Amino acid sequence: MARQVAVIGSGVMGHGIAQVYALAGFAVSLYDLQEEFLLRAKKSVEQSLSLLVQEKVITEQAKHDALERIVLTTDLQQAVAKAEVITEAVPEVIELKWELFRQLEEFARPDAIIASNTSTFSIARLVEVAKAPHRFIITHFFNPAQLVPLVEIVRHETTSEEVVEATRELMLMVGKSPVLLKKDVPGFIANRLQAALMREAFSLLSDGVADAEEIDTVMKNGIGFRWAFVGPIETADFGGLDTWKCVMDNLAPVLDHSKSAPALIAELVEKGKLGTKTGAGIYSYENTSVEEKLRERDENFIRLGKRKREC
Ligand SMILES: NC(=O)c1ccc[n+]([C@@H]2O[C@H](COP(=O)([O-])OP(=O)(O)OC[C@H]3O[C@@H](n4cnc5c(N)ncnc54)[C@H](O)[C@@H]3O)[C@@H](O)[C@H]2O)c1
């Protein structure tokens, strides 16, 4: 019988995480508050699997089997009753996550691992209300979860070694590239690196050094081109540490040091312009549909993923 997992919350992240497990052969219970959210999620999984078939990463049969393995439910108790691992991907609101954990501790198997996909809360904060914190862990997937290989794993000081090891093995089993953090720091590793870079990108934009498209081009054709295969620490070694000492000594004092979100982001959020999810953000998406943009992104990610797996 297929091993059983549950995914709670079927939004941007939850549906992708469900797809990852289903494609790896797990029976998945996907839970959300309303059936229409679940149907939308299943449609997104189907579209994503079709893209993987189109790009010859999986067969039509594998797509069919993966879809069959995902069971949709609005009954939380039923969703988690048999699950060995429960991954929550509900909104980033601590009270919401605490209330969910209270219910999970009541309904789940006593040996089930409870994993959070939080992007900002420390594991210490998440388990503040937990009765059995030893089985809690963070598995931080990246959007789109079904395509980006990285999963950051963060443990609590009380998380058992068995839970940490089982989670790491599970991530490898479903084809992910896990990194276990040695410390529980806000934003983990990836979002700290990403936030540092975004702060500077938005500062250059607001200073009028370049427009959004030019800044994105610099990233895509320069730094980003390298970063899929060479990390920042390797980059320092490859470039020469003497050179990088000068670069950092000269640039660190002039880099942006803001302590809050860039003003432009705050302004657009205020206007309800949230990016692709509302059809407009920094870019207007007037000439290409959001669906086309996201499809193009995913096709490129699939091809990059193939190339990385060959290395
Ligand atoms: N979006 C990203 O790029 C991203 C990346 C990594 C991590 N995360 C994290 O993943 C989590 C989910 O983010 P998202 O972007 O998928 O959010 P989302 O808003 O797209 O989806 C959340 C889903 O949870 C459901 N939900 C709300 N309350 C619930 C409850 N009490 N029980 C069950 N389901 C409930 C909603 O109906 C919705 O379908 C957050 O913790 C977020 O910080 C997001």
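Residues numbered from 1 in each chain as written. Predicted model: local features only at pLDDT ≥ 70, side-chain atom pairs only at ≥ 80, totals over all residues. Heavy atoms only, no water.

Examining the packing of aromatic side chains
Under the convention used in this document: Here is the rule: rings of Phe, Tyr and Trp (six-membered ring for Trp) pair when centre to centre is within 6.5 Å. Planes less than 30 degrees apart are stacked, more than 60 are edge-to-face, and the remainder are tilted. Between buried and exposed lies partly exposed: a residue is buried under 20% and exposed over 50% of the maximum accessible area for its type, with that area taken using a 1.4 Å probe on protein chains only. Remark: a charge is flagged as sitting over a ring if the NZ atom of Lys or the CZ atom of Arg is within 6 Å of the ring centre and within 35 degrees of the ring normal.
Enumeration over the complete set of coordinates arrives at three aromatic pairs. Here Tyr-21 and Phe-26 contribute two aromatic rings whose centre-to-centre distance is 5.6 Å and whose plane-to-plane angle is 75°, an arrangement assigned as edge-to-face. With respect to class, Tyr-21 is no different from Phe-26; both count as buried. The positively charged end of Lys-308 is found above the aromatic ring belonging to Phe-229, 4.7 Å away from the centroid.

Some thoughts on the sheet that holds strand S8 (residues 177-180)
Note: strands within a sheet are paired through backbone hydrogen bonds, in either parallel or antiparallel orientation. For the record, the criterion: If DSSP finds at least two bridges between two strands, the strands pair. Under the scheme used here, helices are H or I runs from DSSP no shorter than 4 residues and strands are E runs no shorter than 2 residues, and both carry numbers assigned from the N terminus. Whenever a helix is involved, its axis is fitted only over the stretch in contact; in every case the axis is a line through C-alpha atoms, and angles between N-to-C directions fall within 0 to 180 degrees.
Spatially, the eight strands line up as an open sheet ordered S3-S2-S1-S4-S5-S6-S7-S8, and their pairing is mixed. On the outer flanks of this sheet lie strand S3 (70-73) and S8, each paired with one strand and no other. Strand after strand, the sheet turns through a mean of 25° between neighbouring axes, direction not considered. Examined bridge by bridge, strand S1 (residues 4-8) and strand S4 (residues 85-88) share four bridges and lie parallel to one another. Among the inter-strand pairings, Val-7 is bridged to a residue of S4, identified as Thr-87.

Points about the environment of Asn-117
Applied cut-off: What makes two residues a contact is simply this: any of their non-hydrogen atoms within 4.5 Å.
Position of Asn-117 relative to the elements: it lies in the loop between strand S5 (113-116) and helix H6 (123-126). Classification of Asn-117 by relative accessible area gives buried; the value is 9%. Distance in space between the C-alpha atoms of Asn-117 and Met-13 is 8.2 Å, their sequence separation being 104 residues. Once residues lying within four places of it in the same chain are set aside, the contact partners of Asn-117 are Met-13, Ile-17, Glu-88, Ala-89, Thr-139, His-140 and Phe-141.

Structural notes on the side chain of Thr-159
The condition that has to hold: Pairing of N or O atoms within 3.5 Å defines a polar contact, subject to two protein rules: one partner must be a possible hydrogen donor and the other a possible acceptor, and residues neighboring in sequence count only if both atoms are side-chain atoms.
Among the structural elements, Thr-159 can be located in the loop between strand S7 (150-155) and helix H7 (161-173). By relative accessible area, Thr-159 is classed as buried at 2%. In this structure the side chain of Thr-159 is engaged in a polar contact, spanning 2.9 Å, whose partner is the backbone oxygen of Phe-136. Apart from residues no more than four positions distant in its own chain, Thr-159 is found in contact with Pro-133, His-134, Phe-136, Ile-137 and Val-164.

Quick look at a negative patch on the surface
Test applied: Exposure above 30% relative accessible area and the lack of any salt bridge qualify a residue for a patch; like charges then connect within 9 Å, and the nonpolar side chains Val, Leu, Ile, Met, Phe, Trp and Tyr within 5 Å. Only the protein chains shown count as cover for residues, and all accessible areas are computed by the Shrake-Rupley method using a 1.4 Å probe. A pair is scored as a salt bridge if a Lys or Arg side-chain nitrogen falls within 4 Å of a carboxyl oxygen belonging to Asp or Glu. Charged residues are defined narrowly, with Lys and Arg counted positive, Asp and Glu counted negative, and His plus the chain ends left uncounted. For the purpose of locating charges, the reference atoms are NZ of Lys, CZ of Arg, CG of Asp and CD of Glu.
A cluster of acidic side chains, namely Asp-211, Glu-213, Glu-214 and Asp-216, defines a negative patch on the protein surface. Checked against the element boundaries, Asp-216 lands in helix H9 (residues 212-227).

Looking at the site of the ligand
Defined as follows: Proximity is defined per residue: any heavy atom of the residue falling within 4 Å of a molecule or strand makes that residue near it. Asp, Glu, Lys and Arg are counted as charged, while Ala, Val, Leu, Ile, Met, Phe, Trp, Tyr, Cys and Pro are counted as nonpolar; the rest, among them Gly, fall into the polar class.
As a structural note, the neighbourhood of the ligand is formed by 22 residues, with Met-13, Asp-32, Glu-92, Lys-97 and Ser-119 the closest of them. Separating an oxygen atom of the ligand from a backbone N or O atom of Val-12 is a distance of 2.9 Å. At 2.8 Å from an oxygen atom of the ligand is found a main-chain nitrogen or oxygen belonging to Met-13. Its residues placed into classes, the shell around the ligand shows 11 nonpolar, eight polar and three charged.

Some details on the environment of Arg-295
Looking at the secondary structure, you find Arg-295 in helix H13 (residues 290-310). Look at Arg-295 and you get partly exposed, because its relative accessible area is 41%. Put simply, Arg-295 and Val-12 are 283 residues apart on the chain and 14 Å apart in space, counted from C-alpha to C-alpha. What Arg-295 contacts, discounting residues up to four positions off in sequence, is Leu-51 and Gln-54.

Looking at the side chain of Thr-235
Position of Thr-235 among the secondary structure elements: in helix H10 (residues 232-239). Sequence-distant contacts of Thr-235, defined by excluding residues within four places in its chain, comprise Arg-226, Trp-227, Val-230 and Trp-244.

Some thoughts on a nonpolar patch on the surface
Taken together, the side chains of Val-179, Ile-189 and Leu-193 present a nonpolar region at the surface, about 240 Å² in accessible area. Mapped onto the elements of the fold, Val-179 is located in strand S8. On the basis of relative accessible area, Val-179 is assigned to the partly exposed category, the value being 35%.

Overview of the packing of helix H1 (residues 14-23) against helix H2 (residues 35-54)
Quick note on the threshold: Here roughly perpendicular refers to angles of 65 to 115 degrees, roughly parallel to angles under 35, roughly antiparallel to angles over 145, and oblique to all remaining angles. The sense of a crossing depends on the near helix, which, turned anticlockwise from the far helix by less than a right angle, makes the crossing left-handed and, turned clockwise, makes it right-handed.
At a minimum axis separation of 9 Å, H1 and H2 run at an interaxial angle of 55°. Between H1 and H2, the interaxial angle falls into the category oblique. Read as a crossing pair, H1 and H2 show a hand that is right-handed. On H2, the residues that touch His-15, Gln-19 and Leu-23 of H1 are Ala-41, Ser-44, Val-45, Ser-48, Leu-49 and Leu-52. Taken together, the residues of the contact of H1 with H2 sort by class into five nonpolar, four polar and no charged.

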